[in-house]
Amino acid sequence: MTAPTATTTTTTHRTARATGALPLVGHVPALFRHPLPFLRSLADQGDLVELRLGPQRAMMVCTPELFHHVLTDTRHFDKGGPLFDKLRWFLGDGLGSTPHDVHRRQRRQLQPAFRPEAFTRYLPVMLEEVTATAAGWADGRVIAVEDHAYRLIARIITRTMFSADRSSTAVARIAAVYPDFHQGIGRQMRSPSRVFDRLPTRANRRFRQACRTVNEVVDGAIEDRRRGGGDSSDHDLLTLMVGEGLTDREMRDQIVTMLTGGIGTSASALGWALHFLSLDEELADAVAREARAVLPARLLQATPNDAAPTGAVPAGVTLADVTRLDLARRVVAETLRFYPSAWFYSRTVTEPVELAGQHLRPGTAVLLSPYLLHHRPDLYPDPERFDVDRWSPAREAELPRRAYVPFGTGSRKCIGDIYSLTELTLAVAVITSRWRLEPPPGPRPAHLVEPRPWTVIHPAPLRLRPRSRP
C-alpha cells in the first residue's frame, strides 16, 4: 500500500526546472561561482524550482508560504541535505544539527540561557567588549572590519558562555583562532571531496590547528566546571548544561555549535552594517546622535583602560535602553535583510510528501535561502537599495507576512536571535558614536561587486576617523 502523503495547501504554485544546468555538474558552477545572482533569478522561474547538484535532485523553495511550511512541518522535513551533511562531522549532535525529536529536548534544556532575565548578566559583557574594541582603534587606521568583528563577537560569546573576565586565556585563544576556524568551515562546505580537506596546504593546517585550539579550550572549560571551578553564582551556559546532566560530549557539541553558529553570523552582520554606514554619512551621523542621547556619555568616551573589569561600564544600562536605539536597530534589521548571515541552508524529506504539487521522496534535499526571499522585488520594492526606513513602524507593518526570516522560523528558529540583535545594536551604536568609517581610496573590491558568501558574506576594509566629542 502506498504511504500517505502530506500537502501544503490548496494554493496553486508554479513549479519549474531551473535553466542553465550543465552536463554532469548541473547547477553547481552557477551556485558556487555566482550564488547571489543565481538565487535571485530562481523566483522568476517558479515557486518551487528543481535544481541539479551533480547527479542529485534538489528543490529550491522560493515563496514565504512554502518556506514557512518546510520549516514548520517537522514530520516531513528535517535537518539534512548536502551542505548540512558536510558540517555534521565536526558539529556532532549540537542544537543546530540534531534531528527534530532530539532537538526539542535540547532546546528545552538550553532555553533558560536565552531568556530576557539572562540579559542582566550579558549586557555588561557586551558593553565592556564593544567599548574596549572601539577605544582601541586609532585615527587614520585602515582596519579589516571582518577580523575585528570576529574577535569582538568571539569574546562576547565566549565570556557569556564561560562567565570569564576580559583577561581570560580561554577568551583570548578563541578570539585569536576564530577567523581561521570559521574560514576553514567555509572551505569544508564548498570542497567537492573530503580528500581535498586532508591535503597539507597552509590553509588546511591553520584550520586543523584552530580546531585543536577550540577543542582544547572547550574541553578545558568543561573539565574546570565539572571540578566546581568558577563562581558558585555563575549561571552561564556551561553551568546550565552541568545542571541538566549533559555528558561531556553533549556539552562539547553544544558549545562548538554555539561558537560556530553565533560568532561568524553576527560578525558578518556587524561588518556589513558598518560597511553600509560608511557609504551614508547622513545616516551614520543620525545613528551617532541617537547613541549619544540614549547611552551614558562615560561609556561612549571610555579609553581602553576604562574597559577593564574594574566597574568602568556604567550600571543601569538595560534592555529597555537598547530598544530606544531605534535607528541602530533598523540598520541591523536592514543589514540582515540585505545580507542575511544564514543565507542558504537545507532540509531533507523524511517521509513521502507533496510540496507545491510535487511528490517528493524521502532523501530529497529541499533548499532554502532567506537571501532569495529578502531580494524578491514583489516582497521588498527596490530590494537592491539599502533602506532603513523599511523598518519604520508604518512601513514594517505593511511588509508581507513571513517575508523576513534572517533567523529562520518554527521550532528551529535561532535560539540566540534576541541575543544577536542586542549585541549587534549595541555594537553599531557605540562604534558609530565614536568613529566615522570611510571606504579607503581605490577601486571597489571585486567581492563587493559580486559577493561570494561561502559561508558568510565579507565586507571590505574601512578607514577610521574619530568623531568629535559631544
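Quick caveat, the model's predicted, so the values are computed rather than measured.

### Some words on the overall build of the protein chain
Phase 1: Across its full length, the protein chain carries 20 helices and 11 strands.
Phase 2: For the protein chain, with 470 residues in total, the buried portion stands at 56%.
Phase 3: Considering only contacts within the protein chain whose residues lie at least 6 apart along the sequence, 76% involve residues at least 24 apart.
Phase 4: With an accessible surface of roughly 20200 Å², the protein chain has 54% of that area assigned to carbon and sulfur atoms.

### Considering helix α5 (residues 100-110)
Phase 1: All of the buried residues in α5 are H100, H103, Q106, R107, Q109 and L110.
Phase 2: Packed against the buried residues of α5 are β4 (77-79), α11 (237-243) and α12 (248-278).

### Considering the sheet that holds strand β5 (residues 142-143)
Phase 1: With antiparallel pairing, the 3 strands of this open sheet are ordered in space as β5-β11-β10. A strand with exactly one partner marks an edge of an open sheet, and here the two such strands are β5 and β10 (435-438).
Phase 2: The sheet strands contacting helix α19 (residues 417-434) are β10 and β11 (462-466), and the helix crosses β10 at an angle near 90 degrees.

### Things to note about the side chain of T422
Phase 1: Looking at the secondary structure, you find T422 in helix α19.
Phase 2: A residue is classified by how much of its surface remains accessible, and T422, at 5% relative accessible area, is buried.
Phase 3: T422 has contacts with F119, L123, M126, L319 and V322, leaving out every residue within four places of it along the chain.

### Some thoughts on the sheet that holds strand β6 (residues 345-349)
Phase 1: The 6 strands are arranged β1-β2-β3-β9-β6-β4 in an open sheet whose pairing can be described as mixed. Across the chains shown, the open sheet's two edge strands, defined by having one partner strand only, are β1 (15-17) and β4. Strand-to-strand twist of the sheet, defined as the mean angle between neighbouring strand axes without regard to direction, takes the value 35 degrees.
Phase 2: In the sheet, strand β3 (residues 56-61) pairs with strand β9 (residues 365-368) via 3 bridges, with the strands oriented parallel. Considered in β9, the bridge of M60 is made with L367.
Phase 3: Helix-sheet contacts for helix α2 (residues 35-45) involve β1, β2 (48-53) and β3, and the interaxial angle to β2 is about 135 degrees.

### Observations concerning the packing of aromatic side chains
Phase 1: Scanning the entire structure with this criterion turns up 17 aromatic pairs.
Phase 2: When the ring of F119 is compared with that of Y122, the centres are 5.6 Å apart and the planes differ by 75 degrees; the resulting orientation is edge-to-face. Within this pair, F119 and its partner Y122 are both found in helix α6 (residues 119-135), separated by 3 residues, close to a single helical turn. Each member of the pair F119 and Y122 is classed as buried.
Phase 3: Relative to Y404, the ring of W391 lies with its centre 4.5 Å away and its plane at 50 degrees, an arrangement referred to as tilted.

### Considering the packing of α12 against α19
Phase 1: Axis separation between α12 and α19 bottoms out at 10 Å; the angle between their running directions is 35 degrees. Every pair of crossing elements has a handedness; the one defined by α12 and α19 is right-handed. On the side of α12, the interface is formed by S266, A269, L270, A273, L274 and L277, while α19 contributes S420, E423, L424, A427, V428, I431 and T432.

### Some remarks on the environment of T169
Phase 1: Within the element layout of this structure, T169 appears in helix α8 (residues 169-190).
Phase 2: Exposure remark for T169: the relative accessible area of 57% places this residue in the exposed category.

### A closer look at a positive patch on the surface
Phase 1: On the surface, a cluster of positive charge is made up of R202, R205, R208 and R212.
Phase 2: Secondary-structure assignment places R202 in helix α10 (residues 202-226).
Phase 3: In this structure R202 comes out as exposed when scored by relative accessible area, which is 58%.

### Points about the side chain of H27
Phase 1: Within the fold, H27 resides in the loop between β1 and α1 (28-33).
Phase 2: You can call H27 buried: its relative accessible area is 2%.
Phase 3: In this view, H27 contacts A18, T19, G20, A21, F38, E50, L51 and R52; residues no more than four positions away in its chain are not counted.

### Overview of the pairing of β10
Phase 1: Burial along β10 is one-sided: the face carrying W435 and L437 is buried and the face carrying R436 and E438 is not.
Phase 2: The pairing of β10 with β11 spans 4 bridges and is classified as antiparallel. Bridge pairing links R436 to R465 in β11.

### Points about the environment of P439
Phase 1: Within the element layout of this structure, P439 appears in the loop between β10 and α20 (446-449).
Phase 2: Sequence separation between P439 and P461 is 22 residues, and the spatial gap between their C-alpha atoms is 7.0 Å.
Phase 3: With sequence-adjacent residues up to four places away left out, P439 is seen in contact with S278, L279 and L462.

### Describing the pairing of β3
Phase 1: Sheet analysis places β2 next to β3, joined by 6 bridges and oriented antiparallel. Residue L51 lies in a different strand from β3, and its bridge partner there is A58.
Phase 2: Here β2 folds back onto β3, and the loop between the two strands holds 2 residues, one of which, G54, carries a positive phi near 65 degrees.

### Examining the confidence of the model for the protein chain
Phase 1: Averaged over all residues, the pLDDT of the protein chain is 85; the fraction at 70 or higher stands at 84%.
Phase 2: When the elements of the protein chain are averaged for pLDDT, α20 gives the smallest value, 54, and helix α16 (residues 326-338) the largest, 97.
Phase 3: Note on residues 1-6: pLDDT is under 50 here. Beyond four places in sequence and across chains, it has 10 contacts.
Phase 4: For residues 306-313, every residue scores under 50 in pLDDT, and the model assigns this stretch 13 contacts once sequence neighbours within four places are set aside.

### Focus: unusual backbone geometry
What is expected of a backbone is that most residues other than glycine have negative phi and most peptide bonds are trans.
Phase 1: With phi around 55 degrees, A356 is a residue other than glycine that occupies positive phi space.
Phase 2: Examined against the element boundaries, A356 turns out to sit in the loop between β7 (353-355) and β8 (358-360).
Phase 3: The backbone of R402 sits at a positive phi, close to 70 degrees, despite the residue not being glycine.
Phase 4: As for its position among the elements, R402 is in the loop between α18 (393-397) and α19.

Conventions we followed
Residues numbered from 1 in each chain as written. Predicted model: local features only at pLDDT ≥ 70, side-chain atom pairs only at ≥ 80, totals over all residues. Heavy atoms only, no water. Helix = DSSP H or I, 4+ residues; strand = E, 2+ residues; numbered from the N terminus. Buried < 20%, exposed > 50% of the residue type's maximum accessible area, 1.4 Å probe, protein only. Contact = heavy atoms within 4.5 Å. Areas by Shrake-Rupley, 256 points an atom, 1.4 Å probe, with all protein chains shown as cover. Pairing = 2+ DSSP bridges. Axes fitted to C-alpha atoms, helices over the stretch in contact; angles between N-to-C directions. Phe/Tyr/Trp six-rings, centres within 6.5 Å; stacked < 30°, edge-to-face > 60°. Left-handed = near helix turned anticlockwise from the far one by under 90°. Patch = residues over 30% accessible without salt bridge, like charges linked within 9 Å, V, L, I, M, F, W, Y side chains within 5 Å. Salt bridge = Lys/Arg side-chain N within 4 Å of Asp/Glu carboxyl O. Lys, Arg positive; Asp, Glu negative; His and termini not counted. Charge placed at Lys NZ, Arg CZ, Asp CG, Glu CD. pLDDT = per-residue confidence, 0-100.

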